[in-house]
Amino acid sequence: MSERERRTAQMDDMEISAALAHWAKAPVLDPAREAAAIARIVAHGDELASALPLPAATRRRRWWPMMAGGAVAASAALALLMAPPGPDVGTGATGAAPDMPEASFALLFTPTPDEEWY
Amino acid sequence: MLRPAIDSGPDPETLLFLKAQRGDAQAFRQLVGLLAAPSLALAMRTLGNLALAEEAVQEALTKVWREAGRFEEGRSFWPWWRRILLNAALDGRRRMRSVEPLEAAGDPVDPGPSPFEVAAEDELAARVAAAMAALPPRQRAALALFHGEGLSMAEIGEALGTSAKAVEGLLSRGRAALKALLEEDGEAR
């Protein structure tokens, strides 16, 4: 066992930290391999930028006004459908719009004077 | 280093990304040029394999380009990018492929000649690199961010999608494992 190996066999915390800092900061590849890998990554980025006209986010933004408009229209339609009847509907007080189903039902089952006779 | 040393206003990468977010392809190209080297180094330290590291960086870039709209203006690009990159690197399939057996700890991290090998006199550095290759990728990522980037536990937690407390555990287990491997290796020689 060499002197260096004997020392690593009993490394203290400071030595471990120093070794880790060296590992985390030293170059991990030789320059030629690193340059080749970086060139491929840059080419990939270039391909992405060229192949897609715009990021999805920008495309989504075009839909945003349409979706918002649709939501507003749907809300307005729902509000109209759910609105309570106006004061002249169904009351029969004004005679402007009598409650027709109820009127028909009454006519159907109310005996006429002739029917009452028999 | 994977981030600027001083945080004074939006860094160039954040500004470029904001332009890219608005559809500026040229800004995206410039951003990729700035990100490539430090990101490859971090992925390499995490995965210990050049092909997997390169694949992870490319996948992360694709995700950033496609999901640019999710980035909130006013935030820094770096934490977001780090998280996406490490997610890609620590993706289940890739992580499984990067695991190397303990017996391989004596071999270099990368099959090709590395500066560690070229500088043969730096025996300790080579042994540390070999021992690091035996650690789980998540521990390696935490150690690389802490000792290389100088990030806080909270920042590492953000990058790894975990709590600061969990990061403390990762770092502590990583250090203990490294120490044990080096001591074992020293005694075996």
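Asker: Describe the confidence of the model for chain A, with residues and values.
Answerer: Chain-level statistics for chain A give a pLDDT mean of 73 and a share of 51% at 70 or above. Mean pLDDT values over the elements of chain A span from 54, in helix α1 (residues 3-9) of chain A, up to 92, in helix α3 (residues 31-51) of chain A.

Asker: Report on the packing of aromatic side chains, specifying residues and quantitative values.
Answerer: Residues and elements named next belong to chain B. Within the structure shown, the criterion is met by nine aromatic pairs over all chains. Between the aromatic rings of phenylalanine 17 and tryptophan 80, the centroid separation amounts to 5.2 Å while the plane-to-plane angle is 50°, which identifies the pairing as tilted. With phenylalanine 17 in helix α1 (residues 12-21) and tryptophan 80 in helix α4 (residues 77-89), this residue pair connects regions lying 63 residues apart in the sequence. A residue is classified by how much of its surface remains accessible, and phenylalanine 17, at 1% relative accessible area, is buried. A residue is classified by how much of its surface remains accessible, and tryptophan 80, at 15% relative accessible area, is buried. Taken together, the ring pairs connect Phe17, Phe71, Phe77, Trp78, Trp80 and Trp81 into an aromatic cluster.

Asker: Could you give an account of the side chain of B:Glu54, naming the residues involved and the relevant values?
Answerer: Note that B:Glu54 resides in helix α3 (residues 50-66). Judged by its relative accessible area of 10%, B:Glu54 is buried. Once you skip the residues sitting within four places of it in the chain, B:Glu54 turns out to touch A:Ala37, A:Arg40, A:Ile41 and B:Leu40.

Asker: Can you tell me about the packing of α1(B) against α4(B), naming the residues and giving the values?
Answerer: Residue and element names in this part refer to chain B. Direction vectors running N to C along α1 and α4 enclose 80°, while the axes themselves pass 8 Å from each other. Of the possible angle classes, the one that applies to α1 and α4 is roughly perpendicular. Of α4, the residues touching α1 (which contributes Glu13, Thr14 and Phe17) are Phe77, Trp78 and Trp80. Residues that form the contact of α1 with α4 fall into these classes: four nonpolar, one polar and one charged.

Asker: Can you explain the nonpolar core? Please cite residues and give values.
Answerer: Counting 70 residues, the largest nonpolar core has A:Trp23, B:Phe77 and B:Trp81 as its most contacted members. It is helix α2 (residues 25-47) of chain B that contributes the most residues to this core, 13 residues altogether. Not counting the four nearest positions on each side in its chain, B:Phe77 is found in contact with B:Glu13, B:Thr14, B:Phe17, B:Leu31, B:Leu35, B:Val64 and B:Phe71.

How each quantity is defined
Residues numbered from 1 in each chain as written. Chains lettered and ligands numbered in written order. Predicted model: local features only at pLDDT ≥ 70, side-chain atom pairs only at ≥ 80, totals over all residues. Heavy atoms only, no water. pLDDT = per-residue confidence, 0-100. Helix = DSSP H or I, 4+ residues; strand = E, 2+ residues; numbered from the N terminus. Phe/Tyr/Trp six-rings, centres within 6.5 Å; stacked < 30°, edge-to-face > 60°. Buried < 20%, exposed > 50% of the residue type's maximum accessible area, 1.4 Å probe, protein only. Contact = heavy atoms within 4.5 Å. Axes fitted to C-alpha atoms, helices over the stretch in contact; angles between N-to-C directions. Parallel < 35°, antiparallel > 145°, perpendicular 65-115°, else oblique. Nonpolar A, V, L, I, M, F, W, Y, C, P; charged D, E, K, R; others polar. Core = buried A, V, L, I, M, F, W, Y, C linked by side-chain atoms within 4.5 Å.

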